[in-house]
Amino acid sequence: MKLLLADDEVELTNALTAILTHSGYTVDAVNNGRDALEYARSGNYDGIILDIMMPELDGTQVLQSLRRDGNAVPVLFLTAKGEIGDRIRGLDLGADDYLPKPFDMGELLARIRAMTRRREDFTQPVLACGNVSLNRATCELLTKGQEPLRLTAKEFQMMEMLLESPGRVIPADCFLNSIWPDGEADVNTIRVYLSNLRKKLRSLGADIEVRSVRGLGYYIKKV
């Protein structure tokens, strides 16, 4: 289960990251709203813990941008603002839950479990773009009239990230952080896996392909 944590209080962020990691979550942590939006757009998260008062972009701006993009990842607002008006505004903007500081860690963990369960209930079993479908249950890539191809675990994770946001550029670092969090891979590893995915797409007669943007990352484009 992977979470994005965004809070400008560095000590709190470090402490929460340690506790969440100990609780079995994989955590990406950032300290400003602009990084939070970039990570959220290009990563594959089961939930986002988002502070409202952050530099560059505040939490409400990040959430509004994600919802405009069609990104439905569950969001928990975590903030010092505890007034009822702030809670209502956050929920109206599309937040799934709201927890004011200071908070009990046990309650935070319970709320995270609840919101990620809701995401699992509504996760699409199949991702599609063009004539290509990715079956999340079987890890198979397929097009109509062709035998499905079973992807390796890493290939599946990469294709899932690409198909969740077709047309959006995903930096190589996002692949590395999401799929190889232990650091046992580099940009060349990404290139090898993407080369294999390109070959498999061509063999299926796909009308989409994986394109690269020099210095930025990779994205899905219809051809």
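Use the structure listed above.
Summary of the structure given here.

1. Some remarks on the side chain of Thr 13
Then step 1. For Thr 13, the location among the structural elements is in helix α1 (residues 10–22).
Then step 2. Classification of Thr 13 by relative accessible area gives buried; the value is 2%.
Then step 3. Ignoring anything within four residues of it in the chain, the contact list for Thr 13 reads Leu 5, Asp 7, Ala 29, Val 30 and Asn 31.

2. A short note on the packing of helix α6 (residues 153–164) against helix α8 (residues 187–203)
Relative placement of two packed helices is described by the angle separating their axes and the distance separating the axes.
Then step 1. Where α6 meets α8, the closest approach of the two axes is 10 Å, and the angle between their N-to-C directions is 80 degrees. When the interaxial angle is binned, α6 and α8 end up roughly perpendicular. Judged by residue contacts, Lys 154, Glu 155, Met 158, Met 159 and Leu 162 of α6 engage Ile 190, Tyr 193, Leu 194, Asn 196, Leu 197, Lys 200 and Leu 201 from α8.
Then step 2. Its residues assigned to classes, the contact of α6 with α8 shows 8 nonpolar, 1 polar and 3 charged.

3. Quick look at helix α7 (residues 172–179)
Then step 1. In terms of burial, α7 is largely enclosed, as 6 of its 8 residues are buried.
Then step 2. Residues of α7 that are buried: Ala 172, Cys 174, Phe 175, Leu 176, Ser 178 and Ile 179.
Then step 3. Along its buried surface, α7 packs onto β1 (2–6), α2 (33–42), α6, α8 and β11 (217–222).

4. Description of the environment of Val 75
Then step 1. Assignment of secondary structure puts Val 75 in strand β4 (residues 75–79).
Then step 2. Judged by relative accessible area, which is 0%, Val 75 ranks as buried.
Then step 3. Expressed as a C-alpha distance, the spacing of Val 75 and Leu 142, which sit 67 residues apart in the sequence, is 32 Å.
Then step 4. Among all residues touching Val 75, those that are not within four sequence positions of it are Ile 48, Leu 50, Leu 63, Arg 67, Ala 95, Asp 96, Asp 97 and Met 115.

5. Quick word on the pattern of salt bridges
Then step 1. What the rule picks out here adds up to 10 salt bridges.
Then step 2. Between Lys 101 and Glu 9 there is a salt bridge whose closest N-O contact spans 2.9 Å. With Lys 101 in the loop between β5 (97–100) and α5 (105–122) and Glu 9 in the loop between β1 and α1, the pair connects residues that are 92 residues apart, well separated along the chain.
Then step 3. Take Glu 9: its relative accessible area is 40%, and that puts it in the partly exposed class.
Then step 4. One salt bridge connects Asp 96 with Arg 67, and the closest N-O pair in it is separated by 3.4 Å. Taken together, the residues Asp 96 in the loop between α4 (84–92) and β5 and Arg 67 in helix α3 (residues 59–68) connect sequence positions 29 residues apart.
Then step 5. Here Asp 96 falls in the partly exposed class, since its relative accessible area comes to 32%.
Then step 6. Sharing partners across several salt bridges, the network here consists of Asp 7, Glu 9, Asp 51 and Lys 101.

6. Comments concerning the packing of α6 against α7
Then step 1. In contact at an axis separation of 11 Å, α6 and α7 are set at 130 degrees when each is read in the N-to-C sense. In this view, α6 runs oblique relative to α7, as classed from their interaxial angle. The element α6 and its partner α7 pack so that their crossing is right-handed. For the pair α6 and α7, the contacting residues are Lys 154, Gln 157, Met 158, Met 161 and Leu 162 in the first and Cys 174, Phe 175, Ser 178 and Ile 179 in the second.
Then step 2. Of the residues in the contact of α6 with α7, the class split is 6 nonpolar, 2 polar and 1 charged.

7. Quick word on the nonpolar core
Generally speaking, soluble globular proteins have nonpolar side chains that are buried together.
Then step 1. Formed by 31 residues in total, the largest nonpolar core has its most connected members in Met 159 and Phe 175.
Then step 2. Residue assignment for this core shows that the elements contributing at least two residues are β6 (126–129), β7 (132–135), α6, α7, α8, β10 (208–213) and β11.
Then step 3. Broken down by element, the residue count for this core peaks at 6 residues, all from α6.
Then step 4. Look past the residues within four positions of Met 159 in its chain and what remains in contact with it is Leu 134, Leu 141, Leu 151, Leu 197, Leu 201 and Ile 220.
Then step 5. Formed by 21 residues, the second largest nonpolar core is a distinct cluster that contains Ala 6, Ala 40, Leu 50 and Leu 66.

8. Description of the state of the cysteines
Two cysteines, two sulfur atoms, one covalent bond between them: this is a disulfide.
Then step 1. If you walk through the whole model with that rule in mind, you get 0 disulfides.
Then step 2. Cysteine Cys 129 is unpaired, with the sulfur of Cys 139 as its nearest cysteine sulfur at 19 Å.
Then step 3. You can call Cys 129 buried: its relative accessible area is 12%.
Then step 4. When its relative accessible area of 19% is taken as the criterion, Cys 139 is described as buried.

Criteria and thresholds
- Residues numbered from 1 in each chain as written.
- Predicted model: local features only at pLDDT ≥ 70, side-chain atom pairs only at ≥ 80, totals over all residues.
- Heavy atoms only, no water.
- Helix = DSSP H or I, 4+ residues; strand = E, 2+ residues; numbered from the N terminus.
- Buried < 20%, exposed > 50% of the residue type's maximum accessible area, 1.4 Å probe, protein only.
- Contact = heavy atoms within 4.5 Å.
- Axes fitted to C-alpha atoms, helices over the stretch in contact; angles between N-to-C directions.
- Parallel < 35°, antiparallel > 145°, perpendicular 65-115°, else oblique.
- Nonpolar A, V, L, I, M, F, W, Y, C, P; charged D, E, K, R; others polar.
- Salt bridge = Lys/Arg side-chain N within 4 Å of Asp/Glu carboxyl O.
- Left-handed = near helix turned anticlockwise from the far one by under 90°.
- Core = buried A, V, L, I, M, F, W, Y, C linked by side-chain atoms within 4.5 Å.
- Disulfide = S-S within 2.5 Å.

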